[in-house]
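# Inside the fold
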Protein chains: 2
Amino acid sequence: MKLTDTQLQSFERDGYIFLPSHFSAAEIKTLVDEVPALYAQHRPENVREKGSDAVRTNFAAHLYSAPFARLARHPRMVEPVMQLFGEPVYMHQFKINGKMAFDGDVWQWHQDYGTWKRDDDMPEPRAMNVAIFLDEVNEFNGPLMFIPGSHKLGVVDAEHDTSTTSYPLWTIDHDTIAKLVKHGGIVAPKGPAGSMILFHSCLVHASSSNLSPWNRISVYLSLCAVSNHIRRYKRPEYIAHRDFRPIECLPDDCLLKEYPVPLPWKDGTPAEALGSTVAA
Amino acid sequence: MKLTDTQLQSFERDGYIFLPSHFSAAEIKTLVDEVPALYAQHRPENVREKGSDAVRTNFAAHLYSAPFARLARHPRMVEPVMQLFGEPVYMHQFKINGKMAFDGDVWQWHQDYGTWKRDDDMPEPRAMNVAIFLDEVNEFNGPLMFIPGSHKLGVVDAEHDTSTTSYPLWTIDHDTIAKLVKHGGIVAPKGPAGSMILFHSCLVHASSSNLSPWNRISVYLSLCAVSNHIRRYKRPEYIAHRDFRPIECLPDDCLLKEYPVPLPWKDGTPAEALGSTVAA
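As a starting point, this report considers the structure included with it.

What counts, and at which threshold
- Residues numbered from 1 in each chain as written.
- Chains lettered and ligands numbered in written order.
- Predicted model: local features only at pLDDT ≥ 70, side-chain atom pairs only at ≥ 80, totals over all residues.
- Heavy atoms only, no water.
- Helix = DSSP H or I, 4+ residues; strand = E, 2+ residues; numbered from the N terminus.
- Buried < 20%, exposed > 50% of the residue type's maximum accessible area, 1.4 Å probe, protein only.
- Contact = heavy atoms within 4.5 Å.
- Areas by Shrake-Rupley, 256 points an atom, 1.4 Å probe, with all protein chains shown as cover.
- Pairing = 2+ DSSP bridges.
- Salt bridge = Lys/Arg side-chain N within 4 Å of Asp/Glu carboxyl O.
- Phe/Tyr/Trp six-rings, centres within 6.5 Å; stacked < 30°, edge-to-face > 60°.
- Lys NZ or Arg CZ within 6 Å of the ring centre and 35° of its normal.
- Least-squares fit on C-alpha atoms with pLDDT ≥ 70 in both.

Across its full length, chain A holds seven helices and 12 strands. On the principal axes, the C-alpha backbone points of chain A span a range of 50 × 45 × 45 Å. Within chain A, buried positions represent 60% of all 280 residues. Considering only contacts in chain A between residues 6 or more positions apart, those separated by 24 or more positions represent 85%. Surface exposure of chain A reaches about 11,200 Å², of which carbon and sulfur atoms provide 53%.

All names here are of chain B. Most of strand β6 (residues 127-133) sits out of view: seven of its seven residues are buried. Side chains of β6 alternate between two faces, with A127, N129, A131 and F133 and M128, V130 and I132 buried alike. Of the pairings in the sheet, the one linking β6 to strand β12 (residues 218-225) comprises seven bridges and is antiparallel in character. Across the sheet, residue N129 finds its bridge partner in β12, namely S222. Alignment of β6 against strand β10 (residues 196-200), held across five bridges, turns out to be antiparallel. The partner of M128 across the bridge, within β10, is H200.

The subject of this paragraph is the side chain of R43(B). Residue and element names in this part refer to chain B. Tracing the backbone through its elements, the reader meets R43 in the loop between α3 (35-40) and β2 (46-48). Taking relative accessible area as the criterion, R43 reaches 11% and is therefore assigned buried. The contact partners of R43, leaving out residues within four places of it in the chain, are Y64, W265, K266, G268 and T269.

With that settled, consider the pattern of salt bridges. Tallying each qualifying case throughout the model produces 24 salt bridges over all chains. Here E27(A) ties to R76(A) by a salt bridge, and the two come within 2.7 Å at their closest N and O atoms. Here R76(A) lies in helix α5 (residues 75-85) and E27(A) lies in helix α2 (residues 25-32), a separation of 49 residues in the sequence. Here E27(A) and R76(A) have matching classes, each one buried. With a closest N to O distance of 3.2 Å, E49(B) and R56(B) form a salt bridge. No difference in accessibility class separates E49(B) from R56(B), as the two residues are buried. Through salt bridges with shared partners, a single ionic network connects E27(A), R76(A) and D252(A).

Inspection of every chain in the model, using the stated rule, returns 16 aromatic pairs over all chains. Note on Y16(A) and F146(A): the rings are 5.1 Å apart at their centroids and 35° apart in plane angle, and the pair reads as tilted. Taken together, the residues Y16(A) in strand β1 (residues 16-19) and F146(A) in strand β7 (residues 144-146) connect sequence positions 130 residues apart. Of the residues examined, F146(A) reaches a relative accessible area of 0% and is grouped as buried. Seen from their ring centres, F140(B) and W214(B) are 6.4 Å apart, and the 45° between their planes marks the pair as tilted. Of this pair, F140(B) sits in the loop between β6 and β7 (144-146) while W214(B) is found in the loop between β11 (205-207) and β12, placing the two residues 74 residues apart along the sequence. Taking the relative accessible area as the measure of exposure, F140(B) reaches 11% and is therefore buried. Within the aromatic cluster, the residues linked to one another by ring pairs are Y16(A), F146(A) and F199(A). The residue whose ring lies beneath R43(A) is Y64(A), and the NZ or CZ to ring-centre distance is 3.6 Å. Positioned above the aromatic ring of W170(A) is the side chain of R118(A), whose terminal nitrogen or guanidinium carbon lies 4.8 Å from the ring centre.

Residues and elements named next belong to chain B. For β10, the tally of buried residues reaches five of five residues, placing the bulk of the element in the interior. Burial along β10 is two-sided: the residues M196, L198 and H200 and I197 and F199 are all buried. Here strand β1 (residues 16-19) pairs with β10 via four bridges, running antiparallel. Bridge pairing in β10 links I17 to L198.

This brings us to the relation of the copies chain B and chain A. In screw terms, the move from chain B to chain A is a rotation of 180° and a rise of 0.0 Å along the axis, fitting with an RMSD of 0.0 Å. Both copies of the chain, as the preceding transformation shows, are related through a two-fold rotation axis. The fraction of interface residues of chain B whose copies in chain A are also interface residues reaches 100%, indicating that both copies meet through the same surface.

So, in structure tokens, the structure goes:
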């Protein structure tokens, strides 16, 4: 899996690359089938929506679910990121975001690298976001919205929003968003389950609520260049990982065959992964 | 202004008719220019969003704002409704809904006639909703979503939701919505400012939040067949009107010329229009 020159240019210009149907229906089914059991668990990695039992985000499933552990090592996902950074990558963050039918709440406008820099002391924006659709994404189930070109500004000012939703986020003020949109507009890639988006960690993004009867579950993987690993362990390890060993890819059919994978958190989250090792 | 047979058939089948650019930019400008002053007023007719100063809905502007009083008598809006009901109509409800940039909150799935029947004792669903776009409506600023064909079910069960947003609403449960959408899908008419939608008072509709930097202000007028006037005065008069005299249309250029119009609430809302005349 190699990105073409045209794809590399569009990433440079817009800050993202959209690859519709990058994984097959059969490949995605092994992941989708696993989600209800993961969301049903009561463990700290499941963050639920405000005022609802619906899961907003599940963290670190690649450490306790075999299908997701295989996805975390999939060459069709990892190799393009290595190509873009020119070095090996490790898993900085792994999420399965619910955006469930009727209950899925908004994510305010933000940049991911803003949080990684402020909270985790990641030196440079050399970590890539990868979104993989487990459900069809359409205009009604809260698609991810990007402001194309906004990644070129680096980190913009943000405020720590701890009240709007159930998950705290460094969010960007309205005037800045209005200016960025005036320049770049808004796009919302839509497509079938199995589609994949690579997007720059400084790309400003948001998503609306999901009032439709269709779930919009997506996996968000954040792969960081190994040399760029985080320096500060303020957030729990299940949110910001501290294992900087390079990802070793499995074969291309790893979502269809049961290759063995390590599942170190299968019997629960280790106590040391739940807390901070620095003062907040 | 007469609806064609094709338009009448699509109303019968889908429950709505979409008329893009039904009013010109110059006509809409006279309305848009008036909104900031209306929203700035602190009067009971302005309902603000939960946790924000942004106006969610403004009621009854046709009784205290000249441009909106003229819109309420516009033949291009009133005549199609009279054609559909075959009799004169009066103004049951008049709203300017904000759905403001960044702050505009959701409207859960509901039918308007459900509320008019339960709260206002309106005998039959012979009142029409008319939406007029004061801003461009696009996929990002919380467009109105319809479930085509859902008007054929009559009034479906609903629960009084007094907590999700700042305005109480009879909302429909998730299972019912899922079934209706399976049958009819979801549509969201989008178009320039000046577009108009006629939609059946039993058509199930909702709208998402507006995270974009673009306001999505729309006027929602509910015109009721005179013989079908409400029987119960439980809600304040500025929400459910009690003046059942037929609307008399102004000429077609009434948004461009300053025809005289009565503005009975110009100096404030009369005390008797603020309350209920029956026990709640």
